[in-house]
Amino acid sequence: MTHDADIIVVGAGLAGIYTSIHADRAGLSIIGFDAAGDVGGTWYWNRYPGARCDVESIDYSFSFDPELEQEWRWTERYAAQPEILAYLNHVADRYDVRRHFTFGRRVASADWDEATQRWTVRTHEGDEARARWVIMASGCLSAPHLPAIPGRDDFAGEVYMTAAWPHEKVDFTGKRVALIGTGSSGIQSLPLIADEAAEVVVYQRSANYSVPASNRTLSDEDWKHALSEYPERRRKSWNGLAGSPWGSNPTRYQDTPEEERDAIFEESWERGGVLFSKAFPGQMVDRETNEAARLFFERKLAEKVKDPQVLVDLTPTDHAIGTKRICTDTGYYETFNRENVTLVNLRREPILKITAEGVTTESGARRFDAIVYATGFDAMTGALTSIDIRGRDGRLLRDEWAGGPSTFLGFGIPGFPNLLSLNGPGCPSVLSNMALGSEQQGDFALRLIQHCDAQGYTSAEARADAAAAWTAHSQELAEATLFAEAPSWYMGANIEGKARTFLPYLGGFRPYIERCEEVVDAGYRGFVLSSR
Ligand code: FAD
Ligand code: NAP
């Protein structure tokens, strides 16, 4: 049986939850699918030990309903995954979100029919649904990447991926564990795995920069203060460059007296995590400032790691600090001082193969009971290109994007009318607080739909020239910074064969919103609105 609705929403993470609540309020009928068993998106899947947010919870939460803000109490500065998932479940209950979604359904294809001006969406499980609009809230870090290491599937022990962690507790007590990958997920999980396991061997290909979270529980006093400052905090966040209330110190590094510079780095370090890339303005553009931040980091690292060779191996060498997302940890580097933790530097001894017993590198074989892959995602585009999305004249999105994605403001893709991508390539997404970002993305999409309905348009499609200009603008911004030099997932560099383009929009959260509003004010300039 084919179901019909105004919109199909793919994904029930932050963006899908927000969009379905507000589509419903706008009187639009919704069919939602998510491959997950329930709401939560990122926080449904990433249940690994130590998973927590790296944007403060008070900011990384919905802002659309002050009552919701006031009634939910975060227990820590950076809440752990179970608490964030509980929050999203609370939101889903409060606004009756689940009735729109069918869970355990992975969308396989979406086909545009010009004659009826409708999309037909099919799932791998056999569902078929039609709608005037498709909203892809399918996530930017939701297509896990499992590297094709020779012999990978021969391993006879337990295998885990941080990005698809079991729901029941994994007990590593007494076990020998291999951890492959030292991005944010590997860095968050290592200390907890090492607490339990008999032995952990960390396979590191590239050393990363990690800054302590300075996490803490929020006391009654903290919370009282947080509640009273919510309006001001939100105002700053909506007007900021990254959707959070924090900005850089106002004075450039070069204009700061030498004896005061370290105090500014220290303050930023204490603030914690990703915020360290904002110590000074221009830190991600100006090499001298960035280099000073790197040296500060190295001094901190040297205070934490006892073994000189491990210290060398943990020191990043292939990118400027902040050009891959700075990891936010709790006790990561200190974990390497433990007797039961060994670091293997894959730059010196690459993995040759995985066998039934364990992992073999150039210097020999190690036996394990479990392998944990913390090997990241086909970020920003993977969730979209893994679906057979066929637009006008049968154009396949995967083919259109073979040379890199092209979008107008992230939402619109030429040749794919009435398909709106949220948090996708071409919007700030991962470079900002994605809770507020998801609200902005959902609002823009719904306003466009309501505008079309009010004006009698049956389709909206991004113009090819508008998308090309936006994509070129986005690349130019990236190329003017140090980001463009790093082999990061922002650049598509973690996936073999993926085009190297800078995927998120680097122009800043507020400036991006302003560009979106200009487009709205100009009658959706850059989109072709038509009626059939
Ligand atoms: P997601 O939450 O990824 O939800 C997408 C949903 O779409 C998923 O449930 C998925 O199952 C579903 N889906 C995808 N493809 C299909 C398909 N074909 N068929 C059906 N369903 C499909 N951002 C921050 O701003 N702050 C943070 O602190 C932060 N921490 C993070 C921690 C981790 C471990 C990770 C991986 C990411 C983190 N992020 C953070 C980024 C995070 O992804 C976003 O904040 C946010 O959760 C994205 O919401 P979303 O709704 O766009 O996508
Ligand atoms: P990631 O940053 O892409 O890290 C993946 C790791 O796996 C890297 O160390 C990578 O090495 C390694 N790797 C990949 N393929 C490999 C191979 N074939 N052999 C050996 N090593 C391999 O992924 P992630 O840690 O899941 O984080 C992704 C993003 O999710 C983060 O940047 C962040 O935005 C978000 N996140 C946030 C938090 C948080 O603190 N809130 C936590 C987790 C994730 P190379 O570096 O050499 O490629």
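Before any of the text, the structure's been laid out above.
The structure presented is a predicted model; accordingly, all values stated were derived computationally and were not measured. (Residues numbered from 1 in each chain as written. Chains lettered and ligands numbered in written order. Predicted model: local features only at pLDDT ≥ 70, side-chain atom pairs only at ≥ 80, totals over all residues. Heavy atoms only, no water.)

**Considerations on the environment of threonine 342**
Okay, step 1: Position of threonine 342 relative to the elements: it lies in strand β12 (residues 341-345).
Okay, step 2: Between the C-alpha atom of threonine 342 and that of valine 200, which follows or precedes it by 142 residues, the distance is 6.4 Å.
Okay, step 3: Setting aside residues up to four positions removed in sequence, threonine 342 forms contacts with Val200, Val201, Val202 and Arg366. (Helix = DSSP H or I, 4+ residues; strand = E, 2+ residues; numbered from the N terminus. Contact = heavy atoms within 4.5 Å.)

**Points about the sheet that holds strand β15 (residues 364-367)**
Okay, step 1: Taken in spatial order, the three strands make up an open sheet running β13-β14-β15, and their pairing is antiparallel. What marks the edges here is a single partner per strand, and that holds for β13 (351-354) and β15. Looking at each pair of strands side by side, their axes are set apart by 20 degrees on average, direction ignored.
Okay, step 2: Taken together, the four bridges between strand β14 (residues 358-361) and β15 define a ladder with antiparallel strand orientation. Bridge pairing links threonine 360 to alanine 365 in β15. (Pairing = 2+ DSSP bridges. Axes fitted to C-alpha atoms, helices over the stretch in contact; angles between N-to-C directions.)

**Focus: the site of ligand 1**
Okay, step 1: The full set close to ligand 1 counts 32 residues, and Asp34, Asp54, Tyr60, Val107 and Asn423 are the nearest of them.
Okay, step 2: Here an oxygen atom of ligand 1 and a backbone polar atom of threonine 42 are 2.8 Å apart.
Okay, step 3: In this structure, asparagine 423 approaches ligand 1 through a side-chain N or O atom, which is 2.8 Å from an oxygen atom.
Okay, step 4: Compared with its free state, where it exposes 980 Å², ligand 1 has 95% of that area covered by protein.
Okay, step 5: Counting only elements with at least two residues in the shell around ligand 1, the list comes to α1 (14-25) and α2 (42-45).
Okay, step 6: Here the shell around ligand 1 gets three residues from one element, more than from any other, and that element is α2. (Near = heavy atom within 4 Å. Polar contact = N/O pair within 3.5 Å; in protein donor to acceptor, adjacent residues only side chain to side chain. Areas by Shrake-Rupley, 256 points an atom, 1.4 Å probe, with all protein chains shown as cover.)

**Concerning helix α7 (residues 258-271)**
Okay, step 1: Where α7 is concerned, the buried positions are Arg261, Ile264, Phe265, Ser268, Trp269 and Arg271. When α7 is viewed along its axis, its buried side chains cluster within an angular range of 155 degrees and face the same direction.
Okay, step 2: The inward-facing, buried residues of α7 contact β10 (210-212) and α8 (287-304).
Okay, step 3: Looking one or two residues past α7, glycine 272 carries a phi angle of roughly 105 degrees, positive in sign. (Buried < 20%, exposed > 50% of the residue type's maximum accessible area, 1.4 Å probe, protein only. Arc of directions from axis to C-beta.)

**So, the packing of aromatic side chains**
Okay, step 1: Counting across every chain of the model gives 42 aromatic pairs.
Okay, step 2: An angle of 20 degrees between the planes, with centres 5.8 Å apart, marks the rings of phenylalanine 101 and phenylalanine 103 as stacked.
Okay, step 3: On the accessibility criterion, phenylalanine 101 (7% relative accessible area) is buried.
Okay, step 4: Aromatic pair phenylalanine 408 and phenylalanine 527: ring centres 5.4 Å apart, planes at 65 degrees, arrangement edge-to-face. Note that phenylalanine 408 is positioned in the loop between α12 (397-400) and β18 (419-421) and phenylalanine 527 in strand β20 (residues 527-530), a separation of 119 residues in sequence. The pair phenylalanine 408 / phenylalanine 527 is uniform in exposure class, with both members buried.
Okay, step 5: Taken together through their ring pairs, the aromatic side chains of Tyr209, Tyr253, Phe265, Trp269, Phe276, Phe280, Phe296, Phe297, Tyr332, Tyr333 and Phe336 make up a single cluster. (Phe/Tyr/Trp six-rings, centres within 6.5 Å; stacked < 30°, edge-to-face > 60°.)

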